[in-house]
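Residue-level structure breakdown
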Amino acid sequence: MEDNSVFENFELQLNQTAKDFLKETAKWAYFLSILGFILIGFLVIIAVFAGTFLASMGSIVPGMGGMGGSFGLVMGILYFGIAALYFFPVYYLFKFASNTKAAFRDNDSEALTNSLGYLKSHYKFIGIMTVVILGFYVLMIVLMFLGALMR
């Protein structure tokens, strides 16, 4: 077992190069988070209009029958769900960037600690989402093979 008591009084110092790297990272994270919020806004707009458009297509196209209205609703809900799913990592990235900028502007180590916590949350969310998506891929591949075997 390691003795962590040696590290309890250890104070990490950032040199100017490390500070510059964090400042530049915060600028890019801020840019990407603003871009992410804009794209989430587009997803919400698409969700509203695609749902409405596809629902109206059900009444125009004779072959769609009653499925057109429900398909539009399903697509609208799907796009809202995707927008909600992407909101959280973008939000965490935004909070990291804004807290990091404030930390260096005000020389506040507590704000820097909070910003690194948001960065951790951002990557944790992205990591969990990646594992879930990879799990869906594996499940789809297994179901494809089972479907092929049953043919």
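Given the structure is predicted, the values throughout are model-derived calculations rather than measurements.

1. Thoughts on the overall build of the chain
- Scanning the chain from N- to C-terminus turns up four helices and zero strands.
- Starting at the N terminus and walking to the C terminus, you meet the elements of the chain as α-α-α-α.
- For the chain, the proportion of its 151 residues judged to be buried stands at 21%.
- Expressed as a percentage of contacts within the chain between residues at least 6 apart in sequence, the contacts between residues at least 24 apart total 65%.

2. What to know about the packing of aromatic side chains
- The full count for this structure, using the stated rule, is nine aromatic pairs.
- Look at Phe37 and Phe87: their rings are 6.0 Å apart centre to centre, the planes differ by 50 degrees, and that puts the pair in the tilted class. With Phe37 in helix H2 (residues 16–60) and Phe87 in helix H3 (residues 67–106), the pair connects residues that are 50 residues apart, well separated along the chain.
- The exposure class assigned to Phe37 is partly exposed, which follows from its relative accessible area of 27%.

3. Structural notes on the environment of Asn15
- Mapped onto the elements, Asn15 comes out in the loop between helix H1 (5–8) and H2.
- With a relative accessible area of 47%, Asn15 lands in the partly exposed category.
- Separated by 2.8 Å, the side chain of Asn15 and the backbone nitrogen of Ala18 make a polar contact.

4. Thoughts on the confidence of the model for the chain
- In the predicted model, the chain carries a mean pLDDT of 87, and 84% of its residues have values of at least 70.
- Averaged pLDDT values for the elements of the chain fall to 61 in H1 and rise to 95 in helix H4 (residues 109–150).

5. Here's the deal with H4
- Here H4 is 42 residues long and its end C-alpha atoms lie 61 Å apart, about the 62 Å a rise of 1.5 Å per residue gives.
- Buried within H4 are the following residues: Ala111, Leu112, Ser115, Ser121, His122 and Met129.
- Of the residues that open H4, the one with a side-chain oxygen 3.1 Å from the backbone nitrogen of Glu110 is Asp108.

6. Quick look at the side chain of His122
- Mapped onto the fold, His122 is located in helix H4.
- Apart from the residues lying within four places of it in its own chain, the contact partners of His122 are Pro89, Tyr92 and Leu93.

Procedures and definitions
Residues numbered from 1 in each chain as written. Predicted model: local features only at pLDDT ≥ 70, side-chain atom pairs only at ≥ 80, totals over all residues. Heavy atoms only, no water. Helix = DSSP H or I, 4+ residues; strand = E, 2+ residues; numbered from the N terminus. Buried < 20%, exposed > 50% of the residue type's maximum accessible area, 1.4 Å probe, protein only. Contact = heavy atoms within 4.5 Å. Phe/Tyr/Trp six-rings, centres within 6.5 Å; stacked < 30°, edge-to-face > 60°. Polar contact = N/O pair within 3.5 Å; in protein donor to acceptor, adjacent residues only side chain to side chain. pLDDT = per-residue confidence, 0-100. Expected span 1.5 Å × (residues − 1).

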